[in-house]
Amino acid sequence: MAQKTESTAAGDRIAKVMARAGLCSRREAEAWITQGRVSVNGQTIASPALNVTAADTISVDGKPLPKRERTRLFLYHKPRGLVTTHADPEKRPTIFEKLPRTMPRVVSVGRLDLNTEGLLLLTNDGGLARVLELPATGWLRRYRVRAHGAILQPQLDALRKGVTVNGIRYGAIEATVDRLQGGNVWLTFAIREGKNREVRNVLEHLGLKVNRLIRVSFGPFQLGDLPEGAVEEIRTRHLREQLGERIATEAEIDLTGPITMINEPEDEEEPVQPKARGRAKPQQQSKSRAEEARPKGKAKQLRERFRTSDRPATGRAKRDQRSNRPKRKR
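Below you will find a few notes about this structure. This structure is a prediction, so every number in the text was calculated from the model and none was measured. (Residues numbered from 1 in each chain as written. Predicted model: local features only at pLDDT ≥ 70, side-chain atom pairs only at ≥ 80, totals over all residues. Heavy atoms only, no water.)

## What to know about the packing of helix 4 (residues 126–133) against helix 7 (residues 236–251)
Packed helix pairs are specified by the crossing angle of their axes together with the interaxial distance, meaning the distance between the axes. As a reminder of what qualifies: An axis is simply a line fitted to the C-alpha atoms; with a helix, the fit covers only the stretch in contact. Between two such axes, the angle follows the N-to-C directions and lies from 0 to 180 degrees. Helix and strand labels come from DSSP, where a helix needs a run of H or I of at least four residues and a strand needs a run of E of at least two; each type is numbered from the N terminus. Here roughly perpendicular refers to angles of 65 to 115 degrees, roughly parallel to angles under 35, roughly antiparallel to angles over 145, and oblique to all remaining angles. A crossing counts as left-handed when the near helix is turned anticlockwise from the far one by less than a right angle, and as right-handed when that turn is clockwise. By definition, residues are in contact when any of their heavy atoms lie within 4.5 Å. When residues are grouped by polarity, Ala, Val, Leu, Ile, Met, Phe, Trp, Tyr, Cys and Pro land in nonpolar, Asp, Glu, Lys and Arg in charged, and all others, Gly among them, in polar.
At a closest axis distance of 9 Å, the pairing of helix 4 and helix 7 adopts a crossing angle of 120°. Taken as axis vectors, helix 4 and helix 7 run oblique relative to one another. Regarding helix 4 and helix 7, the two cross each other, and that crossing is right-handed. On the side of helix 4, the interface is formed by Gly127, Leu128, Val131 and Leu132, while helix 7 contributes Leu243, Ile247, Glu250 and Ala251. Partitioning the contact of helix 4 with helix 7 into residue classes produces six nonpolar, one polar and one charged.

## Considerations on the environment of arginine 169
The condition that has to hold: Burial classes follow relative accessibility: with a 1.4 Å probe on protein chains only, a residue under 20% of its type's maximum area counts as buried, one over 50% as exposed, and anything between as partly exposed.
Among the secondary structure elements, arginine 169 is positioned in strand 13 (residues 168–170). According to the relative accessible area criterion, arginine 169 is partly exposed, its value standing at 43%. Residues arginine 169 and glutamate 198, spaced 29 residues apart in sequence, show a C-alpha to C-alpha distance of 10.0 Å. Setting aside its immediate chain neighbours within four residues, arginine 169 contacts Lys161, Gly162, Val163, Thr164, Glu193 and Lys195.

## What about the pattern of salt bridges?
For the record, the criterion: Counted as salt bridges are all cases of a side-chain nitrogen of Lys or Arg within 4 Å of a carboxyl oxygen of Asp or Glu.
Scanning all chains against the criterion turns up 15 salt bridges. The salt bridge partner of arginine 72 is glutamate 233, with a shortest N-O separation of 2.8 Å. Separated by 161 residues along the polypeptide, arginine 72 in the loop between strand 7 (63–64) and strand 8 (73–78) and glutamate 233 in strand 18 (residues 231–233) bring together distant segments of the chain. The exposure class assigned to glutamate 233 is partly exposed, which follows from its relative accessible area of 34%. Where glutamate 90 meets arginine 92, a salt bridge forms, and the shortest distance between an N and an O atom there is 3.7 Å. The class for glutamate 90 is exposed, based on a relative accessible area of 58%. Using a relative accessible area of 29% as the deciding quantity, one classes arginine 92 as partly exposed. Three or more residues are tied together by salt bridges with common partners; here these are Asp88, Glu90 and Arg92.

What follows is the structure, encoded as structure tokens:
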């Protein structure tokens, strides 16, 4: 007997279609359906066990399901203090509230917890997110870790065989000691499974208390010098090369579809500047997003502060001020 698949001649499962539209993940789509938020052809549905085709009209919360666009992938430098969810029951700030308004609808590839920072992949294609999250994909996730305590390299080498902590089995782990800093140690920690709180749980098992955790890479994608809170899109050609044929086929990505441009609200748009003829001078070139996001150093702040007219005049400027004063009547 042939196994039942989500994609058939009669269409695709509705949760899969919703995820591909970049509205949510498949798991979230199934939850929305059971909550009565989804309708097909005007009828509210209560079960995700439904196949739909392009001829069906799907609505979520009374709004038509967005059309599927070209698969896009973004690198995001997640700061500490943000949760990786669209809606947090505890009302904590989320990463999606902090993204630029020009971003399309995106879902995260996996999650980083509240106090973890660094590289987080975002995509408008829920199918791609699902495939990249699978342990079978085998992409290495590399972290920089600062932990309180002491440990020797042989203890970390033993993790290459995997370890069981509180009944949970973690696969092979690559870890090295980088340097000591007071009562802390800096480590490089690399895993492939990405189970919930894996880095923290394994290191606590070894007697270390993690006080800073930064993800610096996910598969072939690197955090590099991307500023905190900044977003960078992977170009379509580069995305195709890095995903490879196997992942692209399994995720059923679309790299030829349209891209809908999202603009800032009209009241926040900057006035359009006239185009300069010829090659722009260095001082006329606009700053990159990374430069704008990077905080100014104290020295630069002081220079800008003392460039204002509030500073006392000296030299010729001071003489000019005296000459422009009204003459006193005698």
